Amino acid sequence: MEILKDALVQAIGLLLRFDPALLEIVWLTLRVSGSALVLACLAGVPFGALLGLAKFPGRRWLLVLVSTGMGLPPVVAGLIVYLLLSRNGPLGGLDWLFTPNAMIAAQTVLAFPLAAGLTSSAVQEVPAGLRLQIQSLGATRWQERWLVLREARRGVLAAVLAAFGRIIAEVGAVLLVGGNVAGKTRVLSTAIVLETRQGNFALALALGFVLLGLALLGNAILLRLEAGSRS
Amino acid sequence: MSTARYQVVGLQKSYRGRLVLDIPRLTIMDRELFVIVGPSGAGKSTLLRLLHFLEPPSRGEIHFDGQRVSFPPPLALRRQISMVFQRPEIIRGTVWQNVALGLRLRGENRPERVENALEMVGLSGFGDLPVNTLSGGELQRVALARAIVVAPRVILLDEPTANLDPHNVHLVEKSIRDLHHTSGATIVLVTHNIFQARRLAERVGFLLNGKLVEVSPAEQFFENPKDERSRAFVRGEMVY
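This structure is a prediction, so every number in the text was calculated from the model and none was measured.

## Structural notes on the packing of aromatic side chains
- A full pass over the atoms with the stated rule returns 8 aromatic pairs over all chains.
- Summarising the aromatic geometry, the rings of Phe53 of chain B and Phe64 of chain B are spaced 6.3 Å apart at their centres and angled 80° between planes, so their arrangement reads as edge-to-face. Placement of the pair is Phe53 of chain B in the loop between α1 (44-51) and β4 (59-64) and Phe64 of chain B in strand β4, with a sequence separation of 11 residues.
- A cation over an aromatic ring shows up here: Arg145 of chain A above the ring of Trp142 of chain A, its NZ or CZ 4.8 Å from the ring centre.

Printed below as a string of structure tokens:
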């Protein structure tokens, strides 16, 4: 129990002192996971909506692929991105490996299936009667899809939350493609792993509290948005 | 002089091999108030969806203003028709947003038309209310306003008063009558309520098990029906 208390005190101390090393780590965590979340949602939400609403050949297979991707182990996603970005890989020319860009790419790969898969279930939950009603009001096919997506916005927000939760705390992918380089690619989750390995349990736990705090803040903001859109 | 708005020829609709609608011939005139009566499950709603071109027929043809309509229909044609469904599906937002939706989808901004439509259904001043504060009867009237605001040439009404109290039934029926007199639209109303049909209809079609048993002017249908089964239905003796 003692260690928990120590860690909490230390976490508060770190935050109150505006410890520059910690702030850098927090900032990079937010930048990497935030960018990945935005990218994954910009691509995943429209893709999921089409997957849920449009009829086209191969749709079923795509749904299976996306659901599988929702359970993709982070370390596997990291490995794939690692191989793509490594010097001899197809995207080696980008020279992204062990940079924040690689970490953003890996987390985008992780978050995309969640954003797409949960959006597709959300739009499929919209009653068929409502879709018929929207058609009856004179909607074009694209207008219909847009309105259905809007009606499903709560489910879409849940998709965004799930994607955020998935990437803010994952360690496997960013560790592989980022390398946990101090001052360059170290984020909260990889710092926790490092400090734990070195036996600095209190510091590791303190970083854990900071990470939890970030997750809490992110969820609070997104839920606030949801409440604002409700009427 | 009135002309035919709809001409239906050899129309059939099956779901999973089960024939639910079979209408060899039916004409619905320009500007008339045509009421389709019949028990639940007779195929009334299916017929409305076909007349709205929301679903393709399994067989047969529907002509609109003399033109044969193939499926999927041109958007411009679908936009000349609007429908009030039995259970009004309302989008989240305000009354105004719901009523203005059809106009918005057409890229039109006509606040005066929204105002008029709300007035017609007795909901003036309700525009800013969120729909989730409305009663069932008010929602049904929102659905009616939403259907008439786009000035359609055909309005299809699917049991628009099925779940309403007498006061709201009266309001909705009054709106329908006003609409019929002022708009010049063709109105096709589906109901299982024989009294409502009697109050509103100019011409009546009696649909039973997917088949039109009788189509007659209202007076004849109610006073002296041609078919034995219509007679039983009008007298309330039909067992179904």
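We are not done yet, so read on.
## Considering the confidence of the model for chain B
- When the pLDDT values of chain B are averaged, the result is 93; 98% of them are 70 or greater.
- Reported for the predicted complex are a pTM of 0.84 and an ipTM of 0.89.

## Let's talk about helix α8 (residues 153-168) of chain A
- Its 16 residues place the ends of α8 of chain A 22 Å apart at the C-alpha level, agreeing with the 22 Å of an ideal helix rising 1.5 Å per residue.
- Buried residues of α8 of chain A: Arg153, Val156, Leu157, Ala159, Val160, Leu161, Ala163, Phe164, Arg166, Ile167 and Ile168 of chain A, and no others.

## A look at the sheet that holds strand β2 (residues 18-29) of chain B
All names here are of chain B.
- Strand order in the open sheet formed by 4 strands is β2-β1-β4-β5, with antiparallel pairing between adjacent strands. Pairing within the sheet leaves two strands with one partner each, and these edge strands are β2 and β5 (67-68).
- Of the strand pairs in this sheet, strand β1 (residues 4-15) and β4 are connected by 5 bridges, and their pairing is antiparallel. Bridge pairing in β4 links Val9 to Glu61.
- Sheet contacts for α1: β1, β2 and β4; angle to β1, the most-contacted strand, approximately 120°.

## Describing the sheet that holds strand β6 (residues 81-84) of chain B
Residues and elements named next belong to chain B.
- In spatial order, the strands read β6-β7-β8-β3-β9-β10; together these 6 strands make up an open sheet with mixed pairing. Strands with a single pairing partner mark the edges of an open sheet, and in this sheet they are β6 and β10 (211-217). Here the strands of the sheet are splayed against their neighbours by 15° on average, with no regard to which way each runs.
- As paired elements, strand β3 (residues 33-37) and strand β8 (residues 186-191) share 5 bridges and run parallel to each other. The residue of β8 that forms the bridge with Val35 is Leu189.
- Across the sheet, helix α6 (residues 136-148) is in contact with β6 and β7 (154-158); its angle to β6 comes to roughly 175°.

## With respect to the interface of chain B and chain A
- The interface is formed by 22 residues belonging to chain B together with 19 residues belonging to chain A.
- Here chain B and chain A share an interface that buries about 2,000 Å² over both sides, 53% of which is from carbon and sulfur atoms.
- Looking only at chain B, the three residues that lose the most surface to chain A are Glu89, Arg92 and Leu105 of chain B, adding up to 36% of its buried area.
- For the interface between chain B and chain A, the tally reads 0 salt bridges.
- Of the residues contributing to the side of chain B that touches chain A, the split by class is 9 nonpolar, 5 polar and 8 charged.

## Notes on the pairing of β6 of chain B
Residues and elements named next belong to chain B.
- Side-chain alternation along β6 places Ile81 and Met83 on one buried face and Ser82 and Val84 on a second face that is also buried.
- Inspection of the sheet shows β6 paired to β7 by 4 bridges, in the parallel sense. The residue of β7 that forms the bridge with Met83 is Leu156.

## Notes on the nonpolar core
- Ranked by internal contacts, the top residues of the largest apolar core, which has 63 residues, are Leu37, Met103, Val123, Val177 and Leu188 of chain A.
- It is helix α2 (residues 20-53) of chain A that provides the largest number of residues to this core, a total of 12 residues.
- The residues contacting Val177 of chain A, other than those within four sequence positions of it, are Gly78, Val81, Tyr82, Leu97, Phe98, Thr99, Ala102, Met103 and Ala106 of chain A.
- Membership of the second largest hydrophobic core comes to 48 residues, among which are Ala100, Val114, Val142 and Ala185 of chain B.

## Here we look at the packing of α6 of chain B against helix α7 (residues 166-183) of chain B
All names here are of chain B.
- Between α6 and α7, the least distance of the axes is 10 Å, while the angle of their chain directions is 10°. When the axis of α6 is compared with that of α7, the two are roughly parallel. The segment α6 lies against α7, with Gly137, Glu138, Arg141, Leu144 and Ile148 engaging Asn168, Leu171, Val172, Ser175 and Leu179.
- For the contact of α6 with α7, a count of residues per class yields 5 nonpolar, 3 polar and 2 charged.

## Observations regarding α7 of chain B
Residue and element names in this part refer to chain B.
- Between its terminal C-alpha atoms α7 stretches 25 Å, which fits the 26 Å expected from 18 residues at 1.5 Å a residue.
- Those residues of α7 that sit buried are Asn168, Val169, Val172, Glu173, Ser175, Ile176, Leu179 and His180. Along the long axis of α7, the arc covered by the buried residues comes to 155°, so they all point the same way. The exposed residues of α7 that point more than 90 degrees off its buried face are Pro166, His167, His181 and Thr182.
- In the core, the buried residues of α7 are packed alongside β3, α5 (111-120), α6, β7, β8 and α8 (194-200).
- Phi turns positive, to about 75°, at Gly184, one or two residues after α7.

## A few points about empty space enclosed by the protein
All names here are of chain A.
- One pass over the structure, following the stated rule, counts 1 cavity of 30 Å³ or more.
- For the largest cavity, the calculated volume is near 40 Å³.
- If you trace the largest cavity, you find it lined by Thr29, Val32, Ser33, Gln107, Ile168, Glu170, Val174, Val187 and Ser189.
- Among the elements that make up the lining of the largest cavity, the one with the highest residue count is α2 (3 residues).
- Across the lining of the largest cavity, the residue classes tally to 4 nonpolar, 4 polar and 1 charged.

## Details of the layout of surface pockets
- The volume enclosed by the largest pocket comes to roughly 580 Å³.
- Taken together, 22 residues make up the lining of the largest pocket; nearest its centre are Arg131, Gln135, Arg141 and Glu144 of chain A together with Leu54 of chain B.
- Of all elements in the fold, only α6 (128-136) and α7 (141-151) of chain A together with α2 (75-78) of chain B reach the threshold of two or more residues within the lining of the largest pocket.

## Brief notes about the pattern of salt bridges
- This model, assessed by the stated rule, comprises 20 salt bridges over all chains.
- Close ionic contact of Asp19 of chain A with Arg17 of chain A constitutes a salt bridge, the shortest N to O distance being 3.7 Å.
- Residue classification places Asp19 of chain A among the buried positions, given a relative accessible area of 18%.
- Under the relative-accessibility criterion, Arg17 of chain A is labelled exposed at 57%.
- As a salt-bridge pair, Asp65 of chain B and Arg5 of chain B come within 3.1 Å of each other at their nearest N and O atoms. With Asp65 of chain B in the loop between β4 and β5 and Arg5 of chain B in strand β1, this residue pair connects regions lying 60 residues apart in the sequence.
- The partly exposed category is assigned to Asp65 of chain B, whose relative accessible area is 30%.
- It is possible to trace a salt-bridge network through shared partners that takes in Arg5, Asp30, Asp65 and Arg153 of chain B.

Cut-offs applied
Residues numbered from 1 in each chain as written. Chains lettered and ligands numbered in written order. Predicted model: local features only at pLDDT ≥ 70, side-chain atom pairs only at ≥ 80, totals over all residues. Heavy atoms only, no water. Phe/Tyr/Trp six-rings, centres within 6.5 Å; stacked < 30°, edge-to-face > 60°. Helix = DSSP H or I, 4+ residues; strand = E, 2+ residues; numbered from the N terminus. Lys NZ or Arg CZ within 6 Å of the ring centre and 35° of its normal. pLDDT = per-residue confidence, 0-100. Expected span 1.5 Å × (residues − 1). Buried < 20%, exposed > 50% of the residue type's maximum accessible area, 1.4 Å probe, protein only. Pairing = 2+ DSSP bridges. Contact = heavy atoms within 4.5 Å. Axes fitted to C-alpha atoms, helices over the stretch in contact; angles between N-to-C directions. Buried area = accessible area lost by both parts, 1.4 Å probe. Salt bridge = Lys/Arg side-chain N within 4 Å of Asp/Glu carboxyl O. Nonpolar A, V, L, I, M, F, W, Y, C, P; charged D, E, K, R; others polar. Core = buried A, V, L, I, M, F, W, Y, C linked by side-chain atoms within 4.5 Å. Parallel < 35°, antiparallel > 145°, perpendicular 65-115°, else oblique. Arc of directions from axis to C-beta. 1 Å grid on protein atoms, 1.4 Å probe; cavity = no way out; pocket = protein on both sides within 12 Å on 5 of 7 lines; lining within 4 Å. Points joined across faces, edges and corners; volume = space filled by probe spheres on them.

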